Amino acid sequence: QVQLVESGGGPVLTGGSLRLSCTTSGTIFSLNDMRWYRQAPEKRRELVALIKSGGTTTYTDSVKGRFTISRDNAKKSVYLQMDNLKPEDTGVYYCKADVQGTYAPDRYWGQGTQVTVSS
């Protein structure tokens, strides 16, 4: 019923930029907290950025000053602007949405989008 679709990933050189998008669809009343995670090869999935429903943001230390999470409540979408990319940013990036559904709150994951940073 509720789906999240990520886009914007791809190959990029060190120092380059990418903008990831996560668009939600389905029967939901609103988006609450939205998160971007990433999983590097042979690593566990880690939280990269969080944006709460009120707009406050939190970032993991390794991306502070380089990544910016934002949201468009009217479009029910969340974005991740990634600048000055480094090889260690390589991985699959996932969008996670806390939503208010028809009858209850719930959480959903996107399918992931690959980001590959080459030196």
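Here's a quick rundown of the structure. Computed from a prediction, not measured in an experiment: that's the story for all the values here.

A tally of helices and strands in the protein yields zero helices and eleven strands. A compact globule built from 119 residues would reach a C-alpha radius of gyration of about 14 Å, and the protein, at 14 Å, matches this within 12%. Overall, the protein is about 50 × 25 × 25 Å in size when its C-alpha atoms are taken along their principal axes. The burial tally for the protein puts 43% of its 119 residues in the buried class.

Think of a sheet as strands paired side by side through backbone hydrogen bonds, with each pair either parallel or antiparallel. Read across the open sheet, the four strands follow the order E1-E3-E8-E7; overall the sheet is antiparallel. Two strands lie at the open edges of the sheet, namely strand E1 (3–7) and strand E7 (67–72), each paired on one side alone. The sheet shows a mean angle of 15° between the axes of neighbouring strands, taken without regard to direction. Of the pairings in the sheet, the one linking E7 to strand E8 (residues 77–82) comprises six bridges and is antiparallel in character.

This model, assessed by the stated rule, comprises one disulfide. The residue that forms a disulfide with Cys22 is Cys95, at a sulfur-sulfur distance of 2.2 Å. On the sign convention where negative is left-handed, the bridge of Cys22 and Cys95, at about -80° about the S-S bond, is left-handed. Separated by 73 residues along the polypeptide, Cys22 in strand E3 (residues 18–25) and Cys95 in strand E9 (residues 91–101) bring together distant segments of the chain. Like Cys95, Cys22 is buried.

Right, let's get into the pairing of E3. Pairing between E1 and E3: five bridges, direction antiparallel. In the sheet register, Gln3 faces E3, and the bridge partner there is Ser25. Sheet topology places E3 next to E8; six bridges connect them, and they run antiparallel. Within the sheet, the bridge partner assigned to Ser21 lies in E8 and is Tyr79.

Per the counting criterion, the structure on display carries eight salt bridges. Residues Arg35 and Asp98 are paired through a salt bridge, measuring 3.1 Å at the closest nitrogen-oxygen approach. Of this pair, Arg35 sits in strand E4 (residues 28–39) while Asp98 sits in strand E9; the two residues are 63 residues apart in sequence, bridging distant segments of the chain. Here Arg35 and Asp98 have matching classes, each one buried. Here Lys96 and Asp98 are joined by a salt bridge, their closest N and O atoms 3.3 Å apart. The structure contains a network of salt bridges with shared partners spanning Arg35, Lys96, Asp98 and Arg107.

What counts, and where the lines are drawn
- Residues numbered from 1 in each chain as written.
- Predicted model: local features only at pLDDT ≥ 70, side-chain atom pairs only at ≥ 80, totals over all residues.
- Heavy atoms only, no water.
- Helix = DSSP H or I, 4+ residues; strand = E, 2+ residues; numbered from the N terminus.
- Rg over C-alpha atoms; globule rule 2.2 N^0.38 Å.
- Buried < 20%, exposed > 50% of the residue type's maximum accessible area, 1.4 Å probe, protein only.
- Pairing = 2+ DSSP bridges.
- Axes fitted to C-alpha atoms, helices over the stretch in contact; angles between N-to-C directions.
- Disulfide = S-S within 2.5 Å.
- Salt bridge = Lys/Arg side-chain N within 4 Å of Asp/Glu carboxyl O.

These results come straight from atomic positions and should not be treated as a statement about function.
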